[in-house]
Amino acid sequence: MGKVHTLLVFMLQVMYTVHAASTFSNGFFYQDILNGNGNGEIHFNGIKLRVEAQPHSVFAVRGSNVTLPCRFWYEPPLISPRRVRVKWSLLPLSRDHESDVLVSIGHRQRSFGAFENRVHLHKDVHGDISLTITNLSLEDSGQYRCEVIDGLEDESATVDLGLRGVVFPYQPHHGRYHLTFKEAQKACNEQDATVASFAQLFAAWQEGLDWCNAGWLSDGTVQYPIVQPRQPCGGLDLAPGVRSYGARHKHRNRYDVFCFTSTVTGQVYFLQRPQKFNYTMAAQACIDDGAQIAKVGQLFAAWKFLKLDQCDAGWLADGSLRYPISNPRPSCGPQNSGVRSFGFPLPYNKHGVYCYRSR
Ligand SMILES: *[C@@H]1O[C@H](CO)[C@@H](O)[C@H](O)[C@H]1NC(C)=O
Ligand SMILES: *[C@@H]1O[C@H](CO)[C@@H](O)[C@H](O)[C@H]1NC(C)=O
Ligand SMILES: *[C@@H]1O[C@H](CO)[C@@H](O)[C@H](O)[C@H]1NC(C)=O
């Protein structure tokens, strides 16, 4: 209290002096009593706190490290630094509320939830408060807010983090339109993926994804991407685009789903023996080879990022039969590049298998 009292007295003196000199005729000013720098510096309200994030968007792949830029400064510059609180938060693609990522006051830092031990703040005298996130996960994409609070002012800037990846439509073995929203999330997770956002589906449509079954997106809407308008897919009168059924009831309505995945950190390869495998033998063959039967998301990621190209149908973990083609050729299905599917054959049928080995 003694200190506060002294500061107030000091302020009054300064106020009197300023008034007397009438240098700042419209000037009311303040002292940051709780958060001040303790040097008795008076901050006039002409000093502005600025926060900037440049560039506004950053793209990366799963498993990598990324730095989200942010810095702050004062105009005009302060003579001695003020103590600030820095807070990073995330507005995920799939949710409508922000969650805390990291809070830092002085030398103390605290990170939250899935970001614990994965984030650290750059903090230097020049106001760099960029955030580094290690081992990026599929759930990390979204809009990040970098906020500076100095007790008097509260300024922020945002930066979008996008993951480079691939969107694939998914339908479980029991057929079309069987998934509630929650089951859709589980289905994608089981395929090493997450439910795609609208932005991700839109980007995939721009790259040519055309799919005639409607699927859940992470915001709870149900949509489908059409490049070539045709009769069974909404008709010829509708323009190409991502078509929406709007938000659907998450428990009562059932659809397919669009999943999103990013790179694989391991290797996906085709394994075959002369006698071929039924489903159980296929899964065992991968284990015997020091690997695991590959998930659908891993096959899509290997096709997209590693240009996996194999003209042989193979079992995958969900019991489906697929093969990846990067260089289309006459004997290997349609003329476009893609992962082809034969659906879910009976488990005693014999084929090769796609295995996944982590590094
Ligand atoms: C990410 O950062 C961690 C910790 O600094 C480091 O150990 C790791 O090698 C980095 N990973 C990549 C992919 O650069
Ligand atoms: C990176 O995160 C994944 C889960 O997203 C985890 O399985 C893996 O062990 C992590 N890797 C490291 C090096 O921490
Ligand atoms: C696959 O073959 C093995 C060995 O012949 C047999 O034990 C197993 O039941 C078969 N699995 C299926 C799903 O047909």
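- The protein chain appears in an unreviewed UniProt entry as Hyaluronan and proteoglycan link protein 3 from Silurus meridionalis.
- Quoted verbatim from the Sequence similarities (unreviewed entry) field of the UniProt record, the comment on the protein chain reads "Belongs to the HAPLN family."

Some details on the overall build of the protein chain
In step 1: Looking only at helices and strands, the protein chain features 5 helices and 25 strands.
In step 2: Sequence-distant contacts, at least 24 apart, represent 60% of the contacts inside the protein chain between residues at least 6 apart.
In step 3: For the protein chain, the accessible area works out to roughly 18,800 Å², and carbon and sulfur atoms hold 53% of it.

Focus on the site of ligand 3
In step 1: The environment of ligand 3 is made up of Asn278, Thr280, Met281, Pro347 and Tyr348.
In step 2: Separating an oxygen atom of ligand 3 from a side-chain N or O atom of Asn278 is a distance of 2.3 Å.
In step 3: Contact with the protein chains hides 41% of the accessible area of ligand 3, taken as 360 Å² for the molecule alone.
In step 4: Of the residues in the shell around ligand 3, the class split is 3 nonpolar, 2 polar and no charged.

Things to note about the sheet that holds strand β8 (residues 99–105)
In step 1: Strand order in this open sheet of 6 strands is β4-β13-β12-β7-β8-β9, and the pairing throughout is mixed. Lying at the two open borders of the sheet, with one neighbouring strand each, are β4 (57–60) and β9 (108–111). Ignoring strand direction, the axes of neighbouring strands in this sheet form an average angle of 20 degrees.
In step 2: As judged from the 6 bridges shared by strand β7 (residues 85–92) and β8, these two strands associate in the antiparallel manner. In the strand pairing of β8, Val86 is matched with Ser104.

Comments concerning helix α4 (residues 279–288)
In step 1: Three or more residues of α4 are buried, namely Ala282, Ala283, Ala285 and Cys286. The buried side chains of α4 occupy one side of the element, clustering within an arc of 155 degrees when seen end-on. Facing away from the buried side of α4 by over 90 degrees, the exposed positions are Thr280 and Asp288.
In step 2: Residues of α4 that are buried in the fold lie against β20 (267–271), β21 (292–293), β22 (314–315) and β25 (352–357).
In step 3: Two residues or fewer after α4 comes Gly290, characterised by a positive phi angle close to 75 degrees.

Focus: the packing of aromatic side chains
Each aromatic ring pair is described using two quantities: the centre-to-centre distance and the angle formed by the ring planes.
In step 1: In the structure shown here, the tally under the stated rule is 14 aromatic pairs.
In step 2: The interplanar angle of 35 degrees and the centroid separation of 5.8 Å between the aromatic rings of Phe198 and Phe202 together place this pair among those described as tilted. With Phe198 and Phe202 both in helix α3 (residues 198–206), this residue pair falls 4 residues apart, about one helical turn.
In step 3: On the basis of relative accessibility, which here comes to 32%, the residue Phe202 falls in the partly exposed class.
In step 4: Arranged with centres 5.0 Å apart and planes meeting at 50 degrees, the rings of Phe270 and Tyr354 form a pair that is tilted. Of this pair, Phe270 sits in strand β20 while Tyr354 sits in strand β25, placing them 84 residues apart in sequence. Grouping residues by exposure puts Phe270 and Tyr354 together as buried.

What about the pattern of salt bridges?
In step 1: Enumeration over the complete set of coordinates arrives at 15 salt bridges.
In step 2: Between Asp100 and Lys87 there is a salt bridge; the shortest N-O distance is 3.6 Å. Within this pair, whereas Asp100 is found in strand β8, its partner Lys87 is found in strand β7, the two being separated by 13 residues in sequence.
In step 3: Lys87 sits in the buried class, given a relative accessible area of 19%.
In step 4: Ionic pairing is found between Asp309 and Arg329, a salt bridge with its closest N-O pair at 2.8 Å. In this pair, Asp309 sits in the loop between α5 (296–306) and β22 while Arg329 sits in the loop between β23 (321–325) and β24 (338–341), placing the two residues 20 residues apart along the sequence.
In step 5: Look at Asp309 and you get partly exposed, because its relative accessible area is 22%.
In step 6: Overall, the relative accessible area of 31% leaves Arg329 in the partly exposed class.

The rules we used
- Each chain has its residues counted from 1, running along the sequence as written.
- Chain labels run from A onward and ligand labels from 1 onward, assigned in the order the entries are written.
- Reporting of local features is limited, given that this is a predicted model, to residues whose pLDDT is at least 70; pairs of side-chain atoms are given and counted only at 80 or more, and all residues count toward the totals for whole chains, interfaces and linings.
- Calculation of side-chain values draws on the structure's entire complement of heavy atoms; hydrogens and water are dropped beforehand.
- UniProt positions are given in the numbering used here, feature names are shortened, and annotations may be inferred rather than shown by experiment.
- Labels follow the DSSP assignment, with helices taken as runs of H or I lasting at least four residues and strands as runs of E lasting at least two, numbered in each case from the N terminus.
- Only heavy atoms matter for contacts: two residues are in contact if any of them lie within 4.5 Å across the pair.
- Per-residue and other accessible areas were derived by the Shrake-Rupley procedure at a 1.4 Å probe size, with only the shown protein chains allowed to occlude residues.
- Whether a residue is near a molecule or strand depends on its heavy atoms: if one lies within 4 Å, it is near.
- We call two N or O atoms a polar contact when they sit within 3.5 Å, provided that within protein one can donate a hydrogen and the other can accept it, with sequence-adjacent residues counted only if both atoms are side-chain atoms.
- Under the scheme applied, nonpolar residues are Ala, Val, Leu, Ile, Met, Phe, Trp, Tyr, Cys and Pro; charged residues are Asp, Glu, Lys and Arg; polar residues are all the others, including Gly.
- DSSP bridges decide pairing: two strands pair if at least two such bridges lie between them.
- All axes are obtained by fitting lines to C-alpha atoms, using only the stretch in contact for helices, and the reported angles, taken between N-to-C directions, cover 0 to 180 degrees.
- Classification of residues uses two cut-offs on accessible area relative to the type maximum, computed with a 1.4 Å probe and protein chains only: under 20% is buried, over 50% is exposed, and between them is partly exposed.
- To be clear, the arc concerns the directions from the helix axis to the C-beta atoms.
- Each Phe, Tyr or Trp ring (for Trp, its six-membered ring) is paired with any other whose centre lies within 6.5 Å, and the angle between the two planes then decides the class: stacked below 30 degrees, edge-to-face above 60, tilted in between.
- Each reported salt bridge corresponds to a side-chain nitrogen of Lys or Arg within 4 Å of a carboxyl oxygen of Asp or Glu.

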